[in-house]
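Read off the chains here:
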Amino acid sequence: MRFFIRRGIFYIVTAWAAVTLNFFLPRMMPGDPVSSLIIKSGGQISPDAINSLKVLFGLDNGQSLWEQYTSYWNQLFHGDLGLSFAFFPTPVSSVIQQSLPWTVGLVGIATILSVILGTTVGTLIGWRRGTKADAVLPVATFFSAVPYFWFGLIAILLFAVTWDFFPASKGYQPGLIPAWNWEFISSVLWHGILPALTIVVSSISGWILGMRNMMVTVSSEDYVTVAQAKGLKERRVMVSYAARNAVLPQISSFALALGFIVGGTLVMEMVFSYPGIGFVLYQAVTASDYPLMQGCFLVITLAILVANMMADVVYAFLDPRTRQEG
Amino acid sequence: MTTTAPALTNATLQAADPILEIKNLSVDYGFGDDPTHVLQDVSLTLNRGEVLGLAGESGCGKSTLAYGATRLLPPPGVIRGGEVIFTGRDGVKTDILTLNDKDLRTARWRDFAIVFQGAMNSLNPVHRVGTQLIDAIKAHGKTATKQEARDRAAYVLEMVGINADRLKAYPHQLSGGMRQRVMIAMALVLEPELLIMDEPTTALDVVMQRQILEEITDLRDRLGFSVIFITHDVSLLVEVADRIAIMYAGEIVEAADAKDAYLRPRHPYTRGLLNSFPPLRGPRRELQGIPGSPPDMAKLPSGCRFADRCPFVMDRCRTEDPALSRTALKMSEPERLVACHLHDGKASEVPAELAIQAPQK
Ligand SMILES: Nc1ncnc2c1ncn2[C@@H]1O[C@H](COP(=O)(O)OP(=O)(O)O)[C@@H](O)[C@H]1O
Ligand code: SF4
Ligand SMILES: [Mg+2]
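These numbers were taken from a predicted model, which means no experiment stands behind them.

Q: I tried to follow the overall build of chain A on my own but got confused; where do I start?
A: Counting its regular elements, chain A contains 13 helices and 0 strands. In chain A, the order of α-helices and β-strands from amino to carboxyl end is α-α-α-α-α-α-α-α-α-α-α-α-α. Oriented by its inertia axes, the alpha-carbon framework of chain A measures out at about 80 × 55 × 40 Å. For chain A, the residues scored as buried account for 42% of the 326 residues in total. Counting contacts in chain A only where the partners sit at least 6 residues apart, residues at least 24 apart contribute 73% of the total. A total accessible area of about 17200 Å² is found for chain A, and carbon and sulfur atoms account for 70% of it. The centroid of the 18 positive side-chain charges in chain A is displaced by 15 Å from the centroid of its 16 negative side-chain charges.

See below:
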């Protein structure tokens, strides 16, 4: 229990630091970003938006930094992240609310698929090390070295352009109205296959190699030999004595790889014009939509924290030693 | 058995009721063109109910012999030849080396269980002690219900002096001595006929060593299993073993009754080994140790493998490999085999310390 309390405190402090940083960053921008934005927009900007920008950059005269900070927190708790500039006058929170499910759905499913598949394949070839199964290794190494955007582009070129199997971009057929009906859902699935596939293909080799190497290490542990000597079924030895232990570092690397997953997501959504949060962030950057950028960063940071937290809990659940010593 | 029998070429003594006969076992390390021949034609017999001590310096192949005989060699270990005949209580003989996977799995732990050298790491850190005990029971379908398996696990744990509530403990919550006991309990959970213990007390302090040794002896008296007890510390063997086999550089160099070997060693290596450990009981001897170190198994010298370190080395020793056979000493020693040219009857005289006379009965 102490372990969970300590980790909990750690995450609360980290979240606080992330939010605070998010508050200060725009305030540290040199010059007068609001004026330059107003000039850039050619005067087509409403007083509401100007006000929202001023609040964001701390140019809201008359408030002390502390007052600004507390009111920032207050707004956060009310889910108020200001107004988006690029999608004016939609609030940033609605823009994010609309895009986040796409990312979480697609990338989440693809990543989980990749982890499960990769870990399973890694378990099998690690267990049968030194056999023909090792032929997977050079292939996996090659795939893990190819940058993601290449995969994306090649996949589009091959499967959307050369052979017109899948749509090359967007999250669903343009013109459809999002609703819980088969027409829309099937269109979403259809559009999701190619991006999901590229994510799986580009990330799976990392999981295969990591698990395979751990399996080789763990297989020489005494407790695995003991399990063999006890006459347990080979499957049982492989799963609950070797893989069960070899999977622990996979969970740690999952936590470490999260940043990478987010980065990959941004690229994927740009390549496929996928309506997720990465694409929104991309649009925010091109439009100098600072409130939206700030909101996206905040959400992404918090998402990484939550995922880390889950990885931590799973790890603690699987490794009794952490629970005690942690 | 007559005392005038010629030197045995088949290096085992005729055993009355063998439980395990290792015959000409050869083991290599390495799959390639140039593997290291760690064991070459090693033979050893364990009698039913006996505690056989296997001693020798680290790296001389004791573990390899045990793992080879039970087909648990880690890669790149390969069995190159030999037979390992296990004779069950029912008298049925099986060659462990030729069993198919399924029969081997069935025989494991039920017929022969092992307490491993790295007993500290023999327990999987992520499973409860109880789970790991019950695993073995369930794998052999000995008990029908969960409760019976649990009871059995609790029973063996109590048997080695650990409270049954420790079934719920994780290995890291136990001390080294406790973990070792858990491993002994685990080995006995199916009441095997043969127990192989590879340096079961090496990582423990002297007090704990004592306790565990006493426990093993005790359990053996109660349950009547046969034991191969491996150690690099010969003085321990005198405490527990009925018979001792001494290994050097992958070969058995002396096999004898435990007391005989201890009080009247015949092989120079046995004598050197005895002089390198303080006896657990009795007056302290001056410790000498053996100068030098065992040869590299990949580059074995021709002739006697001990020649470089032997104080009695003769010219012949450098070229001729001594066979494991009876001694040519005048006293009758039917239970003893030695691999040393000093004892083949052709040596001009046997050094006095290697020819100590047994007291007349
Ligand atoms: N995995 C291995 N690969 C190569 N050689 C090994 C391996 N394990 C043991 N050996 C060699 O086999 C010999 C005997 O080792 P071992 O059976 O562990 O000895 P002991 O148990 O008597 O200390 C050693 O000389 C060692 O070099
Ligand atoms: S054969 Fe020779 S070298 Fe080997 S132990 Fe005997 S006396 Fe020593
Ligand atoms: Mg050993």
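Let us keep going from here.
Q: Hey, could you run me through the pairing of strand β9 (residues 243–248) of chain B in this one?
A: When a strand is regular, its side chains alternate between the sheet's two faces. Residue and element names in this part refer to chain B. With 6 of 6 residues buried, β9 is to be regarded as a mostly interior element. Side chains Arg-243, Ala-245 and Met-247 project from β9 onto one buried face, and the interleaved Ile-244, Ile-246 and Tyr-248 project onto a second face that is buried too. Relative to β9, strand β3 (residues 51–55) runs parallel, the two sharing 4 bridges. When the sheet's bridge partners are listed, Gly-53 is paired in β9 with Ile-244. Two elements, β9 and strand β10 (residues 251–257), share 6 bridges in a ladder whose sense is antiparallel. Directly across from Met-247, in β10, lies its bridge partner Ile-252. The loop that links β9 with its antiparallel partner β10 comprises 2 residues; one of these, Ala-249, has a positive phi angle of about 45°.

Q: Whenever I open this one, the sheet that holds β10(B) confuses me. Can you help?
A: Strand pairing in a sheet takes place through backbone hydrogen bonds and is either antiparallel or parallel in direction. All names here are of chain B. Pairing is mixed across the open sheet formed by 7 strands, whose spatial order is β6-β7-β8-β3-β9-β10-β11. The open sheet is flanked by β6 (112–115) and β11 (337–338), the only strands paired with a single partner. Bridge count for β6 against strand β7 (residues 194–198) is 4 bridges, and the pairing is parallel. Residue pairing across strands places Ile-114 opposite Ile-196, the latter belonging to β7. Across the face of the sheet, helix α5 (residues 176–188) comes into contact with β6 and β7 while running at roughly 175° to β6.

Q: Explain the side chain of A:His191 to me, please; I cannot follow it from the model alone.
A: Residues and elements named next belong to chain A. Mapped onto the elements of the fold, His-191 is located in helix α8 (residues 182–219). Within the structure, His-191 has its side chain in polar contact with the backbone oxygen of Ser-187 (distance 2.8 Å). Ignoring anything within four residues of it in the chain, the contact list for His-191 reads Pro-167, Ser-169, Lys-170, Gly-171, Tyr-172, Gln-173 and Tyr-274.

Q: What's the story with the coordination of the magnesium ion (ligand 3) in this structure? I'm lost.
A: For a metal with four tetrahedral donors the ideal donor-metal-donor angle is 109.5 degrees, while six octahedral donors give ideal angles of 90 or 180 degrees. All names here are of chain B. For the magnesium ion (ligand 3), the full set of protein donor atoms is Ser-63 (OG) and Gln-117 (OE1), and the range of their distances to it is 2.0 to 2.4 Å. Here Gln-117 lies in the loop between β6 and α3 (129–139) and Ser-63 lies in helix α1 (residues 62–69), a separation of 54 residues in the sequence. Overall, the relative accessible area of 39% leaves Gln-117 in the partly exposed class.

Q: What should I look at first to understand the site of ligand 1 in this one?
A: Residues and elements named next belong to chain B. Taken together, Tyr-29, Val-38, Glu-57, Ser-58, Gly-59, Cys-60, Gly-61, Lys-62, Ser-63, Thr-64, Pro-76 and Met-297 make up the full set of residues adjacent to ligand 1. The separation between an oxygen atom of ligand 1 and a polar side-chain atom of Lys-62 is 2.8 Å. Separating an oxygen atom of ligand 1 from a side-chain N or O atom of Thr-64 is a distance of 2.4 Å. For ligand 1, whose accessible area on its own is 560 Å², the fraction buried by protein is 66%. If one sorts the elements of the shell around ligand 1 by residue count, α1 sits on top with 3 residues. A breakdown of the residues in the shell around ligand 1 according to their chemical character gives 5 nonpolar, 5 polar and 2 charged.

Q: How should I be thinking about the pattern of salt bridges in this particular structure?
A: Where charged atoms of side chains with opposite charge meet at close range, the side chains can pair. Residues and elements named next belong to chain B. Taken as a whole and assessed by the stated rule, the structure comprises 27 salt bridges over all chains. A salt bridge links Asp-17 to Arg-48; its shortest N-O distance comes to 3.3 Å. Here Asp-17 is found in the segment before β1 (18–29), whereas its partner Arg-48 is found in the loop between β2 (36–47) and β3, with 31 residues between them in sequence. Classification of Asp-17 as partly exposed rests on a relative accessible area of 37%.

Q: Would you mind showing me how to read the domain arrangement of chain B here?
A: Interfaces are often described in size by the accessible area the parts lose on coming together. Residue and element names in this part refer to chain B. Partitioning chain B into structural domains gives domain 1 (17–241) and domain 2 (247–354). Distance from the C-alpha centre of domain 1 to the C-alpha centre of domain 2: 28 Å. The interface is formed by 28 residues belonging to domain 1 together with 20 residues belonging to domain 2. Carbon and sulfur atoms supply 65% of the area that domain 1 and domain 2 bury against each other, a total of about 2000 Å² over both sides. The tally of links from domain 1 across to domain 2 stands at 1 salt bridge. A salt bridge links Arg-309 to Glu-57; its shortest N-O distance comes to 2.9 Å. The interface formed by domain 1 and domain 2 contains 4 residue pairs in polar contact (both at pLDDT 80 or more). Sorting the residues of the side of domain 1 that touches domain 2 by element identifies β2, β3, α1, α6 (206–223) and α7 (234–240) as the ones contributing at least two each. For the side of domain 1 that touches domain 2, the element with the highest residue contribution is β2, accounting for 8 residues.

Q: Can you help me understand the packing of aromatic side chains in this one?
A: Two descriptors summarise a pair of aromatic rings, namely the distance from one centre to the other and the angle between the planes of the rings. Residue and element names in this part refer to chain A. Scanning all chains against the criterion turns up 27 aromatic pairs over all chains. Between Trp-102 and Phe-184 the ring centres are 6.5 Å apart and the planes differ by 85°, which places this aromatic pair in the edge-to-face class. In this pair, Trp-102 sits in helix α5 (residues 92–127) while Phe-184 sits in helix α8, placing the two residues 82 residues apart along the sequence. Neither Trp-102 nor Phe-184 differs from the other in exposure class; each is buried.

Q: Where do I start with the sheet that holds strand β4 (residues 77–87) of chain B in this structure?
A: Residues and elements named next belong to chain B. The 4 strands lie next to each other as β2-β1-β4-β5, forming an open sheet whose pairing is antiparallel. At either end of the open sheet lies a strand with only one pairing partner, and these are β2 and β5 (93–95). The mean inter-strand angle of the sheet, taken between neighbouring strand axes irrespective of direction, is 5°. Seen against the sheet, α1 touches β1, β2 and β4 and runs at an angle of roughly 110° to β1.

Q: In this structure, what is going on with the nonpolar core? I would like to understand it.
A: One finds B:Leu20, B:Leu65, B:Trp109, B:Ile184, B:Leu194 and B:Phe229 to be the most contacted residues of the largest nonpolar core, which totals 109 residues. For this core, the element with the most residues is α5(B), which contributes 7 residues. Both of domain 1 (17–241) and domain 2 (247–354) of chain B provide at least three residues apiece to this core. Residue contacts for B:Leu65: discarding those within four places in its chain leaves B:Ile22, B:Leu25, B:Leu39, B:Val42, B:Leu44, B:Leu54 and B:Met247. With 27 residues, the next largest nonpolar core counts A:Ile125, A:Ala140, A:Phe166 and A:Leu194 among its residues.

Scoring rules and cut-offs
Residues numbered from 1 in each chain as written. Chains lettered and ligands numbered in written order. Predicted model: local features only at pLDDT ≥ 70, side-chain atom pairs only at ≥ 80, totals over all residues. Heavy atoms only, no water. Helix = DSSP H or I, 4+ residues; strand = E, 2+ residues; numbered from the N terminus. Buried < 20%, exposed > 50% of the residue type's maximum accessible area, 1.4 Å probe, protein only. Contact = heavy atoms within 4.5 Å. Areas by Shrake-Rupley, 256 points an atom, 1.4 Å probe, with all protein chains shown as cover. Lys, Arg positive; Asp, Glu negative; His and termini not counted. Charge placed at Lys NZ, Arg CZ, Asp CG, Glu CD. Pairing = 2+ DSSP bridges. Axes fitted to C-alpha atoms, helices over the stretch in contact; angles between N-to-C directions. Polar contact = N/O pair within 3.5 Å; in protein donor to acceptor, adjacent residues only side chain to side chain. Donors = N, O, S within 2.8 Å, 3.2 Å for Na, K, Ca; no water. Near = heavy atom within 4 Å. Nonpolar A, V, L, I, M, F, W, Y, C, P; charged D, E, K, R; others polar. Salt bridge = Lys/Arg side-chain N within 4 Å of Asp/Glu carboxyl O. Domains from an automatic or database assignment. Buried area = accessible area lost by both parts, 1.4 Å probe. Phe/Tyr/Trp six-rings, centres within 6.5 Å; stacked < 30°, edge-to-face > 60°. Core = buried A, V, L, I, M, F, W, Y, C linked by side-chain atoms within 4.5 Å.

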